[in-house]
Structure formats: C-alpha cells, structure tokens
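# A closer look at the structure
Here is how the chains run, residue by residue.
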Amino acid sequence: MSGTYLGMPAFPEAARQALGDDTLRANLRHATHTIRDKRARAVAELDDWAELREAGKQIKDHTLQHLDTYLLQLEEAVTAAGGTVHWAADAAQANRIVTDLVKATGETEVVKVKSMATQEIELNEHLAAEGITAYETDLAELIVQLGDDRPSHILVPAIHRNRSEIRDIFRDQMGIWGRPAPEGLTDEPAELAEAARLHLREKFLRAKVGISGANFMVAETGTLVVVESEGNGRMCLTLPDTLISVVGIEKVVPTWRDLEVFLQTLPRSSTAERMNPYTSMWTGTADGDGPRNFHLVLLDNGRTDTLADEVGRQALRCIRCSACLNVCPVYERAGGHAYGSVYPGPIGAILTPQLRGTTSEVDASLPYASSLCGACYEVCPVAIDIPEVLVHLRERVVDQGGHHLERAAMSAAAWAFDHPAVLAAGQRMASRTRRLHPSRLPGPGRAWSDSRDLPQVPDRPFRDWWQRQQGEKGDAQ
Amino acid sequence: MRVALFLTCVNDTLYPGTGRAVVRLLNRLGVDVDFPLGQTCCGQPHYNTGYRRQAEPLAHRFADVFADYDAIVTPSGSCGAMVRELYPRMGRRAEAEGRGSSLAEAIAKVVPVTYELTEFLVDILGVTDVGAYFPHKVTYHPTCHGLRSLGLGERPRQLLAAVKGLELMELPGAEECCGFGGTFAMKNADVSASMGRDKVAAAVSTGAAALCTADNSCLMHIGGIIRRQDEDIRPLHIAEILASTEDEPLT
C-alpha cells in the first residue's frame, strides 16, 4: 500500500472499488460535507471575497509571467540571509540533493513538516533506501505513515480514516516507530491527540535535521512561510540544527503585500478559519535562534512544461487549500486514492496529468474524472477554471491516439449533425423501430443501462410535428 | 422581434413534448416562434469529450442557421452555456492557434442573443407569472450549467412559484450535480450512477410528485434511474409545467 503509485488502475476502476467500501464512503461524506459547510460560512463573512479572489489570481498570474525574475530575486535574498539555494529540475535531482545534505550532517533520522512537494517526489522512500528514516509529524500524515497507507486528501491526508481506525493504528504501530501508545487508548479525540503528542515530542527533541516544504516564498526578502494548524510544523522548523525546505518554483510571491491576500483566502478556503493558527516565517538563518544551516531546494519537476501551456498553466496558481476536493461530488465518492497521485480531487485531475504527462493509464483517465459541474471553479480562491483545463487535457489525451471507437463515433456524429436530412432520417428510423428497442444494452452501452433505463423514443421527432403543424397552418390560410 | 427556438438535438429526438410545450407557452405569451429546420447539435458532446475541432463546423452551422433572428431561445441550460460561454472560447482558441478569426466573427452575432428559456421569460419578456396551472407538489433541481455557467439564479423558482396550484418543495443538496455530465455518465458510470441515485433519493424525500429541471439531458439520466428503481416521482421539464393551463392541463 505504502510508497509509490505505480500500477494504479485507471480512475473508473479505482473509483468503483472505493464505491463498494461503505465505511470509506461514510467517512468521506461526513468529512467533506462538514468542511464544505464551514468553508461556505467563513467565506460568506467577507464582503470583499470576490475582490480577494481576483487579486489572488492576478498576483499569481503576474508572478508566473515573470517567474524567472522573481526566482532569481528570491535566490539572491535567501543567499544574502545565510541560506543556500539548490535548483532541482526533477524529482530524482531533488531527492539526490536532499539525501546528500542529510548525509553530510551524519544523521540517520529527520523530522518532517507536512509537505506536498516532498510527497510528490517520494522523498521518504528515497531517504529510506539510503538508510535515513523520515518521521512525519503532522498528525494526519503520522496516521498515514503509521498505517502504511497513502494520503487521500491534500489538507486532511487521513480523511478516509475514522476515530476507531486511528485508535487501532496508534495502538498497533506507535511502538514500532517510537514511544508506544498509552495503555487502554480509546478513540476519544483528546486521548488520540495526547498519544500523538507524547509520541512526537520525543522525535522533536532528538532530531538534528528538519525537512519542510513551504506555502509561500517572498522574493523581496527571501522569507519562507509555512501555514499550519497544529504547531508541530513550527517544532520542526525551529528545533533542529539543519533545515532543508523543498519548494515548487510556483510558490514564490513578489512581496509581503502580496502575501496579505493569500493569508486571508487560504485559511478560510482550507480549514474555514478566519486566521491561520500557526504561521511560521523565516529568512535565512539567525545566530542563536532556530536552525544554523538552511537549504532551499527549488523544485521544477514538470512545472516549466505546465507553464508553457497557455490554458493549463492556471493550475500553477493553486495554493493547495483543498476547497475543490471538499465540494467535489466525484471526489466524495471515489476517494483520494483513486486519483493515483498525491494531488487528488479536481486540482489533482488537472495538475497530475500536466506534471507527469498522460502516458500511464491512470494519468490519461484523470481528465475524464469529472462531470464538469463547476463546483470546484466556484470555490477556488485563485479562480482556476478547472473544467476548462479538464476539457483542454481531454483534447491532449484524444490527440495522443487510442480511443478508436469513440473517435469513430464522434466523427460519424459530427458528420450527421452537419447534414440535417441525415439526422432527421436517423431520428425517424429510431422512432419507427422504437418498440424493438431493448431496455438494457449490450457491450459498451451497458455503462448506461446497468444502472439506468434508456429513454423511451417518441413516435416522431419534434421536427416532424413542427413541419406537419406548419403545413396545416399554411392550408388553413 | 424574430424569435427562433433552438430546441437541441436531444429534445428534438427524444423529448418532442418539451419542444411542443415551449411553442405553446411562447405563443400564449404572444411570441411568434420559428423552428429553423437546419438546426442540429451545438457540438457540446464533441467539445466536452476532447474533440473541439469537430465541434467547430457545428458552431458555424449554428451561426448560419440562426443568423437572422433577434432572439434564440433554448430549453437547455447546458446547450445554452455551450453557445454563450464555450463558442467564444472556441473562437479565441482558433485564433490563438493561428487559424484565423472566421469562427469568432461567425458567432459574434448569435452569442449575445441566445437565451435559456427561463432567462428569456424573465429578462426579455419580463414575466414571472406565465398563467400556468399545475396543482401538484414539485421540487426543482438547478442543473449545473444553468446554475454556474449561465447564472440562472432564482429565475426558474420564481416562475414555478407563480404557477397556480403548484407547491414548490425545497430539494436537499439542490446545487449538487446529478452525475450526468455527458460522456461522464458512460466513462465513469459507477460514480455517475451513485450521484444520480443520491439526487433521486433527495427528490423522493421531499414528497414531490415531480422532479423538475430546465434541462432534459440531466433528466434523461435522473429519469432513467427513477424508472429503474420504480420510484413514485415524475421527471419533468420546466417548460411542460409552464405550458400547462387550466384549459389544457398537463396530464
């Protein structure tokens, strides 16, 4: 289960399996609806939400348009503040850089702040292969790690687990990874949190190396920002001697003024909080305060290619709030694992095929994992038109070949629709033979008729009624 | 005002009753509506499945067929959104790809005068009480493209609320998608059907006799589930309710 996503089935098959799991379905429905409703209330409190959304979109678009400039400015500022900047073109390079940096400290253990970028490059697995153990310290990531599981949500990685499942994981696994769970642990949230606190405290106090991502990087001062709710991230960012941050190149913003917009929109969109509980910011290193060594690994890993696509590039505006996951009826039913990537839900369906390409079966199926209902676009705090990008990526999948039956059917339909007489003949044929139509279809048609009756074909199409009626009108005159 | 009915291929072929209802309703309101026979499909199935280039001739056809009308009325939120939102996008994409501005120019005249039926009634004709009679409990599902792409808002509910005898029941989770989504219904049949079953259960829970939408494509999916599960609720297009009168009631 753990580790990589190799060999994932295509989305429809993975979703079908998830739909059969009643516990998963109940966990997801309860969790997504709760967060969804809280977010709606938090957003409705602000009169200027539409303006904040537009500002966030424009700041991101401006930054992406001048990404080279701001990244160089950032590098200069981080370096001037005592940090070291590394550039990684892909996951392999980033993993190599981080592994070498950890090895240079002589340590074999690291503590981690919750980070999507390090999940994306599968850093933990690479470190493990080199004899280095990475401990996840975000509560939900801890549950996922102890459960030998994969995250299924960007913000709430263990959203697919309920309290009693978490209690079992803690009871059975904590002792293997460190301090065991207290005797007689129940599934009360306060008890579970205390068990995690005791287990993690030991790791925080021992660790010499911390690894993080970042939500934002401010180019003008070289400041990194981590936004979290637990305070565990801050422990990792301040206690170790060495801090290594792996951050996607799209996370840069030009100024502190720009940050102001996102520190309003991100908490309300993600956890429905008015203000984020723990916002950690650091600029290089400072004597006697926090890590003495700071390394920033700037990660491309498909982002430059994504930036080159004028429709698809808007996916790079994403601030990883997860609002689109929580409102998505498809995510709610399929669950995060079906998306075969650390980026699930609607944003994952447009990000993963751009970062990884559409050659694998699961990646090619992602652009179709949506009814195009548009709920994701409506809640997105940086106005990513996810349905537009989904359709754009469907074109890309179609253009790479395959889908022979569908292509033939689409061509035939396009031709018939451009010849009204042909269409009318087809309609009349369907009407004349309507008593012969089965209620269930064989072959590919079963996808429809396994769960729904077919529409009943009328005795004649509208256009025939219309022409007869027009004829009668003419006769009457 | 020269008004054309853009019925859509799905309605023309499978739901002629909706077309007749629109004609009867508009005639009753004093609008002389035409049905140009050159109309076929707006190209939405092609566009949304990734065959944008194949949708372009259909957009050209639409522009030609409806060029001479002052208003184009369609009883479909999603086909209306195809014309209003996606035709201009197709035009811009063709230009960006260096294939000229002929599509953008062709559609420029028809896009701003294309209206979804409830928009046409409320915004252009300025009526909410269309003199209809339908003495039943009805629940309304706002379909996604009507709701989010066209921004139909309260218009359909205003029209229904003014129908004599009609009791409008609030649909729980009304703004959640029914799961149709065009080819999504086939490509992700399990998720689609799960969404549809939840929508039907929500509608049944209201005690309504009819589940009403302004889009028959969604109703084809929802109605297919209703019939398969033998539920005691009737899928009904809003035009058929609005066309119903005391003299000629919908049965």
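Look above for the structure.
Keep in mind the model is a prediction, meaning the values are calculated, not measured.

### As for the pattern of salt bridges
Under the definition given, this model contains 50 salt bridges over all chains. Salt-bridge contacts for R274(A) lead to E45(A); the nearest nitrogen and oxygen are separated by 2.6 Å. Placement of the pair is R274(A) in the loop between helix 12 (256-270) and strand 9 (278-283) and E45(A) in the loop between helix 2 (22-44) and helix 3 (49-65), with a sequence separation of 229 residues. Judged by its relative accessible area of 57%, R274(A) falls in the exposed class. Among the residues examined, E45(A) registers a relative accessible area of 40% and is labelled partly exposed. The shortest N-O distance in the salt bridge between R171(A) and D172(A) comes to 3.3 Å. The class for D172(A) is partly exposed, based on a relative accessible area of 44%. Through salt bridges with shared partners, a single network forms among R25(A), R29(A), R36(A), E332(A), R333(A), E176(B) and D198(B).

### Here we look at the pairing of strand 8 (residues 234-237) of chain B
Residue and element names in this part refer to chain B. Two strands pair when backbone bridges link them, and strand 7 (residues 210-213) and strand 8 are joined in this way by 4 bridges, in the parallel orientation. Residue pairing for strand 8: L211 is matched across the bridge by P235. This β-α-β element, strand 7 to helix 12 (residues 216-229) to strand 8, shows right-handed connectivity.

### Regarding helix 5 (residues 77-96) of chain B
Residues and elements named next belong to chain B. Compared with an ideal rise of 1.5 Å per residue, which puts 20 residues at 28 Å, helix 5 spans 28 Å between its outermost C-alpha atoms and is within 8% of the ideal. The sharpest bend along helix 5 measures roughly 40 degrees and falls at L86, with the proline P88 sitting one to four residues further on. Where burial is concerned, most of helix 5 is hidden: 14 out of the 20 residues are buried. Of the residues flanking the end of helix 5, it is G98, one or two places downstream, whose phi is positive at about 75 degrees.

Calculation rules
- Residues numbered from 1 in each chain as written.
- Chains lettered and ligands numbered in written order.
- Predicted model: local features only at pLDDT ≥ 70, side-chain atom pairs only at ≥ 80, totals over all residues.
- Heavy atoms only, no water.
- Salt bridge = Lys/Arg side-chain N within 4 Å of Asp/Glu carboxyl O.
- Helix = DSSP H or I, 4+ residues; strand = E, 2+ residues; numbered from the N terminus.
- Buried < 20%, exposed > 50% of the residue type's maximum accessible area, 1.4 Å probe, protein only.
- Pairing = 2+ DSSP bridges.
- Right-handed = clockwise from strand over helix to strand, strands pointing away.
- Expected span 1.5 Å × (residues − 1).
- Bend = angle between axes of the 7 residues up to and from the residue.

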